[in-house]
Amino acid sequence: MSHANISFRFSNAIVCQPGQSVARGLCAENRGQPDFRKFRQEHASYIDALEQAGLKVEVLPPQEQFPDSVFVEDAALCLPQGSIILRPGTPSRLGEADIMAASLARLGHETHPVLSDGFVDGGDILVTDSVILVGLSERTDRNGYESLKQILSDWGYRVRAVHTPEHVLHFKSDCCLLDSETILATSRLAESECFSSFKILTVPEGEEAAANSIRVNDVVLTPDGFPATAELLAREGYSPVILGVTQAALLDGGLSCMSLRF
Ligand code: GLY
């Protein structure tokens, strides 16, 4: 079954402001601590961009006990049938799911927990109109995938497990849906042939981090510092909006993981 317009046509988003504790967020390699004030500024510009794209944005207050909680997308998956509360696959982030469940319930969402003892980070889930791809990774395991698949299949979605490249935090660190048929991806991910039914635009060499962009209604939010990707997007008829995400990038984060869009 095709689910038209669930993948990039949105009316709402949920974000969570970074707290001071963001300086202690997880990162695979130490590239320096994020600066709280600069993070707040970049986050405010991100909210502005979502609003400019037509979304009503719910801003949750900082969750100081969870340094990575600004990356809200890892704790839930919001679809028209309801919101699935995920199980982030690293101990310091597991509790974020309870906070998100409470916030979503308060906002009137019907919530469904992922039941098994597996793990899924939302950053590993790419929703397209025809299939939901779930990247198995260091954060998302087979048990988590199977229990998520159960719920999604009951709702009529096609779901497929794929692989997040080694040493890459999340599947969507390396790709972004541009429209119903087109994906922007790094060549290392595209080479795994997980996008068999899609047209692929490959991010230029050296600009791999730009694959973590997001299509939001008529624009594509894309990180600053990757001019060849911005040019590629414009040349292909998309409307790139360039945003600074230097502080999130220090924590292996990017544009997709800082909002839940629905
Ligand atoms: N800092 C983002 C994460 O590791 O989940």
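Residues numbered from 1 in each chain as written. Predicted model: local features only at pLDDT ≥ 70, side-chain atom pairs only at ≥ 80, totals over all residues. Heavy atoms only, no water.

1. Thoughts on the overall build of the protein
Stated precisely, the cut-off is as follows: To qualify as a helix, a DSSP run of H or I must reach at least 4 residues; to qualify as a strand, a run of E must reach at least 2; elements of each kind are numbered from the N terminus. Here the globule rule is a power law, 2.2 Å times the number of residues to the power 0.38, and the radius of gyration is based on C-alpha atoms. Under the scheme applied here, a residue whose accessible area is under 20% of the maximum for its type counts as buried, over 50% as exposed, and between as partly exposed, the area being computed with a 1.4 Å probe on protein chains only. Every residue pair with non-hydrogen atoms within 4.5 Å of one another is taken to be in contact. Each accessible area value is a Shrake-Rupley result obtained with a 1.4 Å probe; residue values ignore everything except the protein chains displayed when judging cover.
On a plain count of helices and strands, the protein comes out with six helices and 15 strands. In terms of C-alpha radius of gyration, the protein reaches 17 Å, essentially the compact-globule figure of 18 Å for 262 residues. In terms of overall dimensions, the protein has C-alpha extents of about 45 × 45 × 35 Å along its principal axes. Counting the 262 residues in the protein, one finds 56% classified as buried. Look at the contacts in the protein between residues 6 or more apart in sequence, and 69% of them connect residues 24 or more apart. Per element, the accessible surface of the protein, about 11,200 Å² overall, is 48% carbon and sulfur.

2. Some thoughts on the pairing of strand E9 (residues 175-179)
In plain terms, the rule: Pairing between two strands requires that DSSP report at least two bridges joining them.
Across the five residues that make up E9, a large majority, five, are buried. When E9 meets strand E10 (residues 182-185), the two strands line up antiparallel, connected through four bridges. Note on E10: the bridge partner recorded for Cys176 is Leu184.

3. Let's talk about the nonpolar core
Note the cut-off: Among buried residues, those of type Ala, Val, Leu, Ile, Met, Phe, Trp, Tyr and Cys that are joined through side-chain atoms within 4.5 Å constitute a nonpolar core.
One finds Tyr46, Leu50, Phe171, Phe195 and Leu221 to be the most contacted residues of the largest nonpolar core, which totals 39 residues. For this core, the secondary-structure elements that each account for two or more residues are strand E1 (12-16), helix H1 (36-52), E9, E10, strand E12 (214-216) and strand E13 (219-223). Element by element, the count of residues in this core is highest for H1, at five residues. Judged by nonpolar contacts, the second largest core, of 19 residues, contains Leu79, Val114, Val120 and Val127.

4. Notes on the environment of Ser180
Residue placement: Ser180 occurs in the loop between E9 and E10. On the basis of relative accessibility, which here comes to 27%, the residue Ser180 falls in the partly exposed class. Sequence separation between Ser180 and Met258 is 78 residues; the distance between their C-alpha atoms is 22 Å.

5. Points about the packing of aromatic side chains
Any aromatic ring pair is given by two values, namely how distant the centres are and how the planes are angled relative to each other. For clarity, the cut-off: For Phe, Tyr and Trp, rings pair up if their centres lie within 6.5 Å, where Trp contributes its six-membered ring, and each pair is then called stacked (planes under 30 degrees apart), edge-to-face (over 60) or tilted (otherwise).
Under the counting rule described, the total for this entry stands at one aromatic pair. Measuring from centroid to centroid gives 5.9 Å for Phe171 and Phe195, while their planes differ by 45°, and the two rings are tilted. Placement of the pair is Phe171 in the loop between strand E8 (159-163) and E9 and Phe195 in the loop between helix H4 (187-190) and strand E11 (199-202), with a sequence separation of 24 residues. We note that Phe171, like Phe195, is buried.

6. Section: the sheet that holds strand E14 (residues 240-243)
Here is the rule: In this analysis, axes come from line fits to C-alpha atoms, helices being fitted only over the stretch in contact, and the angle between any two N-to-C directions falls in the range 0 to 180 degrees.
Taken in spatial order, the three strands line up as E12-E13-E14 in an open sheet, and their pairing is mixed. Two strands lie at the open edges of the sheet, namely E12 and E14, each paired on one side alone. In this sheet, adjacent strand axes meet at a mean angle of 30° when their direction is disregarded. The pairing of E13 with E14 spans four bridges and is classified as parallel. Bridge assignment links Leu221 to a residue of E14, and that residue is Val241. The strands touched by helix H5 (residues 227-235) are E13 and E14; relative to E14, the strand with the most contacts, the crossing angle is about 160°.

7. As for the sheet that holds E9
Strand order across the open sheet formed by three strands is E9-E10-E11, with mixed pairing between neighbours. Only two strands of the sheet have a single neighbouring strand rather than two, namely E9 and E11. Shown here is a sheet whose adjacent strand axes are inclined to one another by a mean of 30°, direction ignored. Contacting E9, E10 and E11, H5 crosses the sheet at an angle of about 170° to E10.

8. Describing the site of the ligand
Defined as follows: What makes a residue near a molecule or strand is one non-hydrogen atom of that residue sitting within 4 Å of it. A 3.5 Å cut-off defines polar contacts: any pair of N or O atoms within that distance qualifies, except that in protein one atom must be a possible hydrogen donor and the other a possible acceptor, and neighbouring residues in sequence count only when both atoms are side-chain atoms. Residues are grouped as follows: Ala, Val, Leu, Ile, Met, Phe, Trp, Tyr, Cys and Pro are nonpolar; Asp, Glu, Lys and Arg are charged; every other residue, Gly included, is polar.
Every residue near the ligand is listed here: Leu26, Asp68, Phe71, Arg93, Arg139, Leu169 and Leu251. At a separation of 2.7 Å, a nitrogen atom of the ligand approaches a polar side-chain atom of Asp68. Between the ligand and Leu251 there is a distance of 2.7 Å, counted from a nitrogen atom to a backbone nitrogen or oxygen. When isolated, the ligand has an accessible area of 190 Å², and the protein chains bury 98% of it. Residues that form the shell around the ligand fall into these classes: four nonpolar, no polar and three charged.

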